[in-house]
Amino acid sequence: SSEIIYNAFAVFGEDGNLLHHYRKTHLFGEYEKRIFSAGVEQDLHVASFSNGIRLEDWSALEDRMLLVWSFLIIQFAGRRFGTLICMDCEYFEPARILAVQGAQLILLPTALATGPVESMTPMATINTRAMENHVFVCYSNFIGPACGEGHPSFVGRSAIVGPDGLDLVRASGPEIFHRLGAEGGHFTCEMLHSVIEPMVFNTDIRRNPYLLERKPNVYGKLCDASLPGGGSTIASSMVVAVAQIAETLGGEESDEECLQLTRKHALTARNQGAELVLFPELSLIGYSIGKRAIEQRAQQRSGNLIRGVASIAKELRIIVAVGYAERGCDEGEEDKIYNALAVLDETGSLIHHYRKTHLGDDYER
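Note that the structure is predicted; figures quoted are calculated from it, not measured. (Residues numbered from 1 in each chain as written. Predicted model: local features only at pLDDT ≥ 70, side-chain atom pairs only at ≥ 80, totals over all residues. Heavy atoms only, no water.)

### Topic: the sheet that holds strand E3 (residues 46-48)
Here is step 1: Taken together, six strands build an open sheet; the order of strands is E3-E5-E6-E7-E10-E11 and the sheet is mixed. Edge positions in the open sheet fall to E3 and strand E11 (167-170), since each of these has one partner strand only. Within the sheet, the average angular offset between the axes of one strand and its neighbour, ignoring direction, is 20°.
Here is step 2: When strand E6 (residues 105-109) meets strand E7 (residues 136-140), the two strands line up parallel, connected through five bridges. What sits directly across from Leu108, in E7, is Tyr139.
Here is step 3: Relative to E7, helix H3 (residues 120-133) is tilted by about 155°, and along the sheet it contacts E6, E7, strand E10 (159-161) and E11. (Pairing = 2+ DSSP bridges. Helix = DSSP H or I, 4+ residues; strand = E, 2+ residues; numbered from the N terminus. Axes fitted to C-alpha atoms, helices over the stretch in contact; angles between N-to-C directions. Contact = heavy atoms within 4.5 Å.)

And the structure:
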């Protein structure tokens, strides 16, 4: 329909042909939702560059006070790419959908202005999307005052990020205006170059092959639109503590010694007003003690360790979340050992139990 408007993004090849077209799927705020319609599943697809991207011979641009533009120049011949727009990156699903279709590069234009996520999105979220999907992310933003009346200024921080989650190049943020001075300076064009070489990152990908080791069979709830999510259901505040401790709870120590140390740390948390304390992975036995020791120390969830933690939680009136090696308790799985997490509430009841679904390197497997 001619009355439907999309926030869209187009990529053209050197021959002038349209290589890729995308409609933003996650609209931000009432401003966008009043104007645009959202894209659909079919928009999350990938394409290939025929001869790469070359952005060159930019025409002269007029000087404009306190307005800075950042152009990121890349070459990526023959590679597969996908596109997202702004708010799309703040959900992990769109980037992952592109990655599983073979995208090696995600082009991500944005119009991020000052606000609660002005640092987190460009400096953390973008880097996380690159790392968790083993893709390059090219992120291009405005910087400086907005043209629309009442709209906050844009924050810049455009970047090209590698599959290891680290910046290859990063443009300036709002701090550049402090360097230009209150009287303005002149129009500045930041030309940032980065050679994109996927082979350089093969070691990172082999060490943590996220895409190869996905387990779609355990992600079914992601597609259940009836689930409300938990972000808006917290009724009251809660004091939580995380215990960063030395790995001494394992090896030669007995269950009783491990539980005494756990109680000591839980008591410290309770005395500081915490209602919940979280301990590290395999905290009850230690992580690095080796296969044989872990097999020897593994217990069923009804064993001495979890019963002991239940007593600690009940005594101190605090929720305790601990990691331990769980020996399978169901028929036929007695020889299986799980990297598990148990949560005991202030009455000593087991209210949650989890088995790690994505094991790390060969040591864990």
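Alright, that's what it looks like, and here's the rest.
### Section: the sheet that holds strand E14 (residues 276-278)
Here is step 1: One open sheet accounts for five strands, arranged E13-E14-E15-E16-E17; its pairing is mixed. Because the sheet does not close on itself, it has two edges, and the strands there are strand E13 (240-242) and strand E17 (350-355). The average undirected angle you get between the axes of adjacent strands in this sheet is 25°.
Here is step 2: Both E14 and strand E15 (residues 319-327) contribute to a ladder of three bridges, which runs parallel. The residue bridging Val277 from the neighbouring strand is Val320, located in E15.

### Some points on unusual backbone geometry
Here is step 1: The phi torsion at His134 lies on the positive side, around 50°, for a residue other than glycine.
Here is step 2: Its place among the elements puts His134 in the loop between H3 and E7.
Here is step 3: Residue class for His134 comes out buried when judged on its relative accessible area of 12%.
Here is step 4: Despite not being glycine, Arg317 has its phi angle at roughly 55°, a positive value.
Here is step 5: Within the secondary structure, Arg317 sits in the loop between helix H8 (304-316) and E15. (Buried < 20%, exposed > 50% of the residue type's maximum accessible area, 1.4 Å probe, protein only.)

### Here we look at the nonpolar core
Here is step 1: Core analysis: the biggest nonpolar cluster contains 28 residues, and Val277, Leu284 and Val320 have the highest contact counts within it.
Here is step 2: Taken together, the elements giving at least two residues each to this core come down to helix H6 (255-271), H8, E15 and strand E16 (337-344).
Here is step 3: Per-element accounting of this core gives the leading share, seven residues, to H8.
Here is step 4: If you look at the next biggest cluster of nonpolar residues, it comprises 22 residues, including Cys86, Ala103, Val137 and Tyr139. (Core = buried A, V, L, I, M, F, W, Y, C linked by side-chain atoms within 4.5 Å.)

### A short note on empty space enclosed by the protein
Here is step 1: Tallied over the full model, the rule gives one cavity of 30 Å³ or more.
Here is step 2: Of the volumes computed, that of the largest cavity is approximately 40 Å³.
Here is step 3: Lining the largest cavity we find Leu84, Cys89, Ala95, Ile106, Leu108, Ile126, Arg129 and Val137.
Here is step 4: Mapped onto the lining of the largest cavity, the elements with two or more residues apiece are E6 and H3. (1 Å grid on protein atoms, 1.4 Å probe; cavity = no way out; pocket = protein on both sides within 12 Å on 5 of 7 lines; lining within 4 Å. Points joined across faces, edges and corners; volume = space filled by probe spheres on them.)

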